[in-house]
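A look at the structure
Each chain is listed here by its residues.
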Amino acid sequence: LFPWFVLLVFLLALWMTWAGVEAQRPALVNIGVASAAAVVLIQYFSWSLRLLDRSLAFILGGLVLIALAVWIEKQRRRLLARIG
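Here is a short report on the structure shown in this document.

Reading guide: rules and limits
- Residues numbered from 1 in each chain as written.
- Predicted model: local features only at pLDDT ≥ 70, side-chain atom pairs only at ≥ 80, totals over all residues.
- Heavy atoms only, no water.
- Helix = DSSP H or I, 4+ residues; strand = E, 2+ residues; numbered from the N terminus.
- Expected span 1.5 Å × (residues − 1).
- Buried < 20%, exposed > 50% of the residue type's maximum accessible area, 1.4 Å probe, protein only.
- Phe/Tyr/Trp six-rings, centres within 6.5 Å; stacked < 30°, edge-to-face > 60°.

This part takes up helix 3 (residues 55-83). Helical periodicity: at 3.6 residues per turn, an α-helix aligns residues three or four positions apart in one direction. Counted at 1.5 Å a residue, the expected span for helix 3 with its 29 residues is 42 Å, and the 42 Å between its end C-alpha atoms agrees. Those residues of helix 3 that fall on the buried side of the exposure criterion are Gly61, Gly62, Ile72, Leu79 and Ile83.

Our focus in this paragraph is the packing of aromatic side chains. One pair of aromatic rings is described through two measures. These are the centre distance and the angle between the planes. Under the defined criterion, the tally for this structure stands at one aromatic pair. Relative to Phe5, the ring of Phe2 has its centre 6.5 Å away and its plane inclined at 35°; by these criteria the two rings are tilted. Placement of both Phe2 and Phe5 in helix 1 (residues 2-22) is noted, with a separation of three residues, approximately one turn of the helix. The two residues Phe2 and Phe5 agree in class, both being exposed.

Written out as structure tokens, the structure reads:
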């Protein structure tokens, strides 16, 4: 049941981002993107603590997290540029 809850919270964050773009409200875009990023960060630490004994998985997860953060920031800037 918990994975469905995490997915629901992530989808709500994406919906808030989309609603912010549609309403041309930069604050909603920022909150939505930050919420989605927070869900990803929380899940990363949740999984990596279980996989800590496998250091390669921890290192790869960190690299994915960094790449995801860069991509999220680019998307946020692109969405805000669309607004105005």
